[in-house]
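Residue-level structure breakdown
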Amino acid sequence: MTDTTDDIAEEISFQSYDDDCKLLGNLLNDVLQREVGGQFMEKLERTRLLAQSASNMRLSGIEDMAELLEKQLASEISQMTLEEALTLARAFSHYLTLMGIAETHHRVRKGRSVTHLSKSCDDIFSQLVQGGISPNDLYNTVCKQHLLEYNDRPDLGHEDREMLIEDLVREITSIWQTDELRRHKPTPVDEARAGLNIVEQSLWKAVPHYLRRVSNALKKHTGKPLPLTCTPIKFGSWMGGDRDGNPNVTSKVTRDVSLLSRWMAIDLYIREVDSLRFELSMNQCSDRLSRMAHEILEKETSSNDLHESRNQPLSRNQFKLHGQQTSSLPTQLPARADLPACTDYNDGGSQYPKLELPGTDYMPLTRQDGQGCSSSEESSKDSNHNRPKLSANGSFNSNGSQLAVTRGSFSSSQLLAQRKLFAESQIGRSSFHKLLEPSSSLRPGIAPYRIVLGDVKEKLMKTRRRLELLLEDLPCEYDPWDYYETTDQLLGPLLLCYDSLQSCGAGILADGRLADLIRRVATFGMVLMKLDLRQESGRHAETLDAITRYLDMDTYSEWDEEKKLEFLTKELKGKRPLVPPTIEVAPDVKEVLDTFRVAAELGSDSLGAYVISMASNASDVLAVELLQKDARLAVSGELGRPCPGGTLRVVPLFETVKDLRGAGSVIRKLLSIDWYREHIIKNHNGHQEVMVGYSDSGKDAGRFTAAWELYKAQGDVVAACNEFGIKVTLFHGRGGSIGRGGGPTYLAIQSQPPGSVMGTLRSTEQGEMVQAKFGLPQTAIRQLEIYTTAVLLATLRPPQQPREQKWCNLMEEISKISCQKYRSTVYENPDFLAYFHEATPQAELGFLNIGSRPTRRKASTGIGHLRAIPWVFAWTQTRFVLPAWLGVGAGLKGVCEKGHTEDLKAMYKEWPFFQSTIDLIEMVLGKADNPIAKHYDEVLVSESRRELGAELRRELMIAEKHVLVVSGHEKLSENNRSLRRLIESRLPYLNPMNMLQVEVLKRLRRDDDNTKLRDALLITINGIAAGMRNTG
C-alpha cells in the first residue's frame, strides 16, 4: 500500500468517509442494476456478504468459522461462468477504485478544515524557532534548500445536490461502459505526456500556492518573506530519458520529449501572460518600465510590417497617429507573406492549439529532392479532423487540408497565389483578436504593463512556433533576439513589472498573479522539468570497446581498473575528439553515441543528470565524462560555437549490496583524480551527486539488509566528499512500495544518517505514486510542504547517531542472518523459482501494458534479471508481500535468542533509523494476509512445492511475532489504527478479488489462448492493485 494511504490515515474522519463510500457504492449499484440486471446483482451482493462475514469472523478471532465461510466463497466463485467472473471482477474493481477516490477526497477535505496542520511549514517553522533555531538560520536554510465535493457543500440547494448526484451517475455509467484495459503498450513519449499532464493539471496550480505558504510562514517566524525567485523545490523527470534496459527510449525520443516539455512550458506561460495583461491595466509605472514600453512602441512604429502578430489592443497606426482614423483593412500585403511561417505567422485556430506530437503513429514531414518538404498523410482520421493543422509551410488551413510547398524559387503566379492565400487567411482575424484583447485609450504611453507584456507574449509565441518546427524536423532560422532561450530572459521583463508596481504603491497587485507567474518561471524554467538520462554502465563499456578496437588499442573492457583510469584521464585532459567521424559501429553502440550527441545539442539548460545504473568503479563515471566531452567537441565543431548550456552532472547509481559497500571507496578514488576534482569544482560548483538504489538492493539481499547497507553507504559517501571539501547531494531511488524503499516521505527523510541531508535532497516518485501524491493540486501542496519541512528538520536538527557501537554491531548481526535467510530461500533453493511462477501471476503481468519498459533486463527466467517492479508487484497481488519481510524474522529472532531483546527495544525507542525500519516492516506485515496466500498455494502450486509455501508462511508468523516484541505493540499497526481501519474497510471487495484471481489463473493455465480469461485476469490484477493501493 502506498504511503499516500499511510499519510491519509492521520487525517481522516471515518464517519464522513464511510458516508461517501456508501454514497458512491449505492450509485454504482444503481448503475449495475441497469447494466447487468437484478439477478446478477443478487449474486454480487451474496459474494460481498460472504466475504464481509468471513472477514469479521477472522478479525474477531473465530478462525474456524472464517475458514468455513472462505471455502464456501471460493466454491461459489469456482462455479461461476466466465461471463459472470468477468462482470464480478469489473464490479469489485470499480468499487475499490471508488473507495480510493473517497480516501483522496477526504485527505483534501481535512486539509481545508484543519486550522493547524501538522508538518506544515507554519507548524515546523514554529517548532524550530521555539526550539532555539535563530530566525536567520531558519531563513537562510529554507532559501538554500533544493529539492526536489458533495457532502461538505452546505451552500448547495436541493436542486443543486440532485444535479450533482446525476453528474456522478453519468460519470460512473461512462466508466462502466469503457474498456478498462490498455490494449497496446504505451510509448516512452506517451509516458512523458502523462507526466507533463500532471504538471499542467496539478503542479502548475500547486507550486505558487505552496510557495506562498512557505513565504507567509517565513515572514511570520523570521520577519522576512521568501525571495521572489527563490524556490526550495525543483522538478526533474526521466520519462523519455531512462534507457536502462528499455530499447524503446532512443536518442530521438529523448530529443522529442525534451522539446515537448519546452513547448508545454511556453504554452503555459502564454496563457498566464494573457491573463496578466487583462489585470495590469493601470497607467502609473516606474521610469524604467516607461522607457521600455516606449522603446517597444518606437521599434514597432519604425517597422513597415502591418501584420499584427502580437495582437496588441492598439494597432501600430493608432500608436503612430494618435487619434487619427485608420483604415479598417490593410492596403497592402504584410511583408514576407510569401515566406514560410517560421519567420512569421499568426495562429488562426484555437488560442492554444493542441500540438500533434510525435508518437507511435507519428510520421514526420518528408523532404522532396532535398529542397522542399511535404506534409504526411494523416495516419488516422478522428474527431479532431476539423482542427487547424500546421501545413508544410507553417501556415494554418482551417478545413484540415494541407499544402505541400517547395522551398526555393517561386514563379510570379505561384508567389501571387501564396500571397492571396495568406491574405485570405488573415481577413477578419485582426478584428476578431481585438475583441479578445484588453482595450486602452489612444493617449501615448498608456497601459505600459500591457505593452511590455504584449512584447513578452509575442516572443513567447515565436518561441512556441520555433519549437513546433523543431519537433516537426522542419528548417527554422530565427534571430535569437526574437525568442526566449533562457529563464533569465523571460524573468527580466516580469521582474521589471513587479518592481514598478511595488515602487508605485501597487504591491498588492504585484504580489498576486504576477508574483505567481514569476515563481512559476523560477521553479519550472523553460523546460518544466529537466530530463535526466540513465543508462547501464555496461553499455558505456561496450561503446568504448568498439572505439578502442577501431583505434587498434585492444579491448577496453578487458583492461584492469588502473589502466582504464589512466586511459580515460589522459583522453579527458586532451583537446582532440576520440571518436573518429568515419567509425562504423553496431546499432547498440551507435545509439549510445547518438544519445551523447543529443545531450550535447540540448545541454544542461534542457537536461539534468546523466545517471549510470549498476555503477561499481570510478572508471564507470570517467567513461561517461569522456563520451560526453567527445560529443560536445564534435557538436561544437559543427556549430562553429560552444554547445548550449554546460555539461551534464554525471551521477553514479549504486544498487546492489556489493556496490553499496564500495560506494565510498569509488567516490574517494574519483575525487583523488586531479582532473575530476577540478572538473567538479569548475563546472558543478563543487557539488557531487550520488544516487543510491533501494529496489535492486532489496531484491538482492532483502529489505532489512538493504536498509542497513544503504544507511552505511550514505554515511561513507558523505565522509568521502567531506574529506575533499566537496558538497554532496544524495539522490534516493525509491519505489512506491515498502519492498522497493517506499514509505511515508516524512519518516523516510527523518531517518537518514546524520549529515546526509544538508539542505539538499533528491528523491524519485515513481509509477502510481506520482498520481497519488501530485495528481490533485491540494495533495501536491501538502506533499511539497512535507518534503520541505522534513528536509529542513533533517538539516537543522539531524537525527541522532546510534547511542553506542553495540547497536551498530547488533544491526550487522541482524543484517547478516536476515540476508542469509533471504538469499538461501530466493537464490539457493532450487524449488523457489518454480514456486514463484506457480504461486503468483508474475508471468501474466506483461499483458497489462502499463509501461514501455520490458519486465526483464535480459532474456533470462531467473530472479536476478527480473526487474524489481514485477518482483514486488507479483507478491503484492497474492497479499503475501514477501520481499518486504523475508529474512527479518530470522534476523530478529537470532539476536533475541542471544539475550539482546532489551537492547533492541532501546534501539527502537532512541534510534530514528531503526525505529523507522521496524515501523515500515510492521506496516507491511499488517497488509500481508496468510490465509489468502495459502489459498493461492492450495489451488495453483504443485503438491511437491506446497511445503515451501507452508515454510514461508511460518516465516511470516515469526517476523510478525518478533517485530511486535521489538516495537512493544500488542497488535500489528497498533500505532496506526486508522490505517488498519482503511485496510479492513476494503476486505469485503478485496478478498473476493483474490479468490477470483486464483480461479481465473487456474482456468487460464489450462487454456492460455483464451483472451476473455486473460481479460478477466488483468481486471483482477487492476482491482487488487486498487485495493492494495499500489502495484510495486
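Since we're looking at a predicted model, the values are computed, not measured. (Residues numbered from 1 in each chain as written. Predicted model: local features only at pLDDT ≥ 70, side-chain atom pairs only at ≥ 80, totals over all residues. Heavy atoms only, no water.)

A few points about the overall build of the chain
A tally of regular secondary structure across the chain gives 39 helices and 12 strands. A burial count over the chain gives 57% of its 1032 residues as buried. Summing over all exposed atoms, the chain offers an accessible surface of approximately 43,700 Å²; the carbon and sulfur share of this is 50%. (Helix = DSSP H or I, 4+ residues; strand = E, 2+ residues; numbered from the N terminus. Buried < 20%, exposed > 50% of the residue type's maximum accessible area, 1.4 Å probe, protein only. Areas by Shrake-Rupley, 256 points an atom, 1.4 Å probe, with all protein chains shown as cover.)

Remarks on helix 19 (residues 561-573)
The terminal C-alpha atoms of helix 19, which comprises 13 residues, lie 18 Å apart, in line with the 18 Å expected from a rise of 1.5 Å per residue. Lys564, Leu565, Phe567, Leu568, Thr569, Glu571 and Leu572 are the residues of helix 19 that are buried. Contacts made by the buried residues of helix 19 are with helix 18 (537-550), helix 21 (618-639), helix 23 (663-672) and helix 24 (674-683). (Expected span 1.5 Å × (residues − 1). Contact = heavy atoms within 4.5 Å.)

Points about the environment of Gly698
Structurally, the position occupied by Gly698 is in helix 25 (residues 695-701). Each C-alpha atom, one on Gly698 and one on Thr656, is 8.3 Å from the other, the two residues being 42 residues apart in sequence. Each residue touching Gly698, except ones within four places of it in the same chain, is listed here: Arg703, Ala706 and Tyr822.

Section: the packing of aromatic side chains
We describe a pair of aromatic rings using the distance from one ring centre to the other and the angle between the two ring planes. Applying the stated criterion across every chain yields a total of 28 aromatic pairs. An aromatic cluster is present here, built from Phe832, Tyr835, Phe836, Trp871, Trp875, Phe880 and Trp885 joined pairwise through their rings. Seen from the ring of Tyr556, Lys564 lies directly overhead, with NZ or CZ sitting 5.2 Å from the centre. Sitting over the face of the ring of Tyr827, Arg823 holds its NZ or CZ atom 4.3 Å from the ring centroid. (Phe/Tyr/Trp six-rings, centres within 6.5 Å; stacked < 30°, edge-to-face > 60°. Lys NZ or Arg CZ within 6 Å of the ring centre and 35° of its normal.)

Some words on the pairing of strand 7 (residues 530-536)
With respect to burial, strand 7 is a largely interior element, five of its seven residues being buried. Relative to strand 7, strand 2 (residues 236-237) is paired through two bridges, and the arrangement is parallel. Pairing of Gly236 across the sheet is with Lys530, part of strand 7. (Pairing = 2+ DSSP bridges.)

Structural notes on a nonpolar patch on the surface
Together, Ile62, Met65 and Leu68 give the surface a local cluster of nonpolar side chains, amounting to about 280 Å² of exposed area. Among the secondary structure elements, Leu68 is positioned in helix 4 (residues 63-78). Residue classification places Leu68 among the exposed positions, given a relative accessible area of 55%. (Patch = residues over 30% accessible without salt bridge, like charges linked within 9 Å, V, L, I, M, F, W, Y side chains within 5 Å. Salt bridge = Lys/Arg side-chain N within 4 Å of Asp/Glu carboxyl O.)

A look at the environment of Arg879
Here Arg879 lies in the loop between helix 32 (868-877) and helix 33 (888-896). When its relative accessible area of 2% is taken as the criterion, Arg879 is described as buried. Sequence-distant contacts of Arg879, defined by excluding residues within four places in its chain, comprise Lys927, Ala928, Asp929, Ile932, Leu987, Leu990, Asn991, Asn994 and Met1028.

Structural notes on the side chain of Arg539
Here Arg539 shows up in helix 18. The buried category is assigned to Arg539, whose relative accessible area is 19%. Arg539 has contacts with Asp588 and Val592, leaving out every residue within four places of it along the chain.

Things to note about the pairing of strand 8 (residues 607-613)
Counting buried residues in strand 8 gives seven out of seven residues, a clear majority hidden from the surface. With five bridges joining them, strand 7 and strand 8 adopt parallel strand pairing. Bridge pairing in strand 8 links Leu533 to Tyr610. Judged from the four bridges that link them, strand 8 and strand 9 (residues 649-654) form a sheet pairing that is parallel. Bridge pairing links Tyr610 to Val650 in strand 9. Viewed along the sheet, the connection from strand 8 through helix 21 into strand 9 turns out right-handed. (Right-handed = clockwise from strand over helix to strand, strands pointing away.)

Some thoughts on helix 7 (residues 135-143)
Among the residues of helix 7, Leu138, Tyr139, Thr141, Val142 and Cys143 are the ones counted as buried. Residues of helix 7 that are buried sit in contact with helix 6 (121-130), helix 9 (188-222) and helix 29 (777-796).

Points about a negative patch on the surface
Judged by side-chain charge, Glu159, Asp160, Glu162 and Glu166 come together as a negatively charged surface patch. Assignment of secondary structure puts Glu162 in helix 8 (residues 158-176). (Lys, Arg positive; Asp, Glu negative; His and termini not counted. Charge placed at Lys NZ, Arg CZ, Asp CG, Glu CD.)

A closer look at unusual backbone geometry
Trans peptide bonds make up the majority, and among non-glycine residues the majority have a negative phi. Although it is not a glycine, Asn685 sits at a positive phi angle of roughly 55°. The topology assignment puts Asn685 in the loop between helix 24 and strand 10 (687-693). Judged by its relative accessible area of 60%, Asn685 falls in the exposed class. Its identity as a non-glycine residue notwithstanding, Val881 has a phi of 50°, on the positive side. Positionally, Val881 belongs in the loop between helix 32 and helix 33.

A look at the pattern of salt bridges
For the structure shown, the criterion picks out 63 salt bridges. The closest approach of N and O atoms between Asp274 and Arg277, which form a salt bridge, is 3.8 Å. With Asp274 and Arg277 both in helix 10 (residues 251-279), this residue pair falls three residues apart, about one helical turn. In this structure Asp274 comes out as buried when scored by relative accessible area, which is 7%. Taking the shortest distance from any N to any O, the salt bridge between Asp594 and Lys590 comes out at 2.9 Å. Separated by four residues within a single helix, Asp594 and Lys590 lie in helix 20 (residues 587-602), roughly one turn from each other. Note on Asp594: relative accessible area 22%, which makes it partly exposed. For Lys590, a relative accessible area of 45% gives the class partly exposed. Put simply, Glu200, Asp267, Arg271 and Arg464 are held in one network by salt bridges that share partners.

Examining the packing of helix 16 (residues 487-503) against helix 17 (residues 507-524)
Where helix 16 contacts helix 17, the axes come no closer than 9 Å and their chain directions differ by 170°. It follows from the interaxial angle that helix 16 and helix 17 lie roughly antiparallel. Between helix 16 and helix 17, the contacting residues are Thr487, Leu490, Leu491, Leu494, Leu495, Cys497, Tyr498, Leu501 and Gln502 on the first element and Gly507, Leu509, Ala510, Asp511, Leu514, Ala515, Leu517, Ile518 and Val521 on the second. Taken together, the residues that form the contact of helix 16 with helix 17 break down as 14 nonpolar, three polar and one charged. (Axes fitted to C-alpha atoms, helices over the stretch in contact; angles between N-to-C directions. Parallel < 35°, antiparallel > 145°, perpendicular 65-115°, else oblique. Nonpolar A, V, L, I, M, F, W, Y, C, P; charged D, E, K, R; others polar.)

Side note on the nonpolar core
What tends to happen in soluble globular proteins is that the nonpolar side chains get buried as a cluster. Core analysis: the largest hydrophobic core is formed by 113 residues, its most contacted members being Leu44, Phe832, Trp871, Phe880, Leu904, Trp911 and Phe914. Ranked by residues supplied to this core, first place goes to helix 5 (residues 82-113) with 11 residues. Setting aside residues no more than four positions away along its own chain, Trp911 makes contact with Trp708, Tyr711, Gln800, Gln801, Pro802, Trp807 and Met811. Grouped together as the second largest cluster of nonpolar side chains are 86 residues, Leu276, Cys285, Ala506 and Ile781 included. (Core = buried A, V, L, I, M, F, W, Y, C linked by side-chain atoms within 4.5 Å.)

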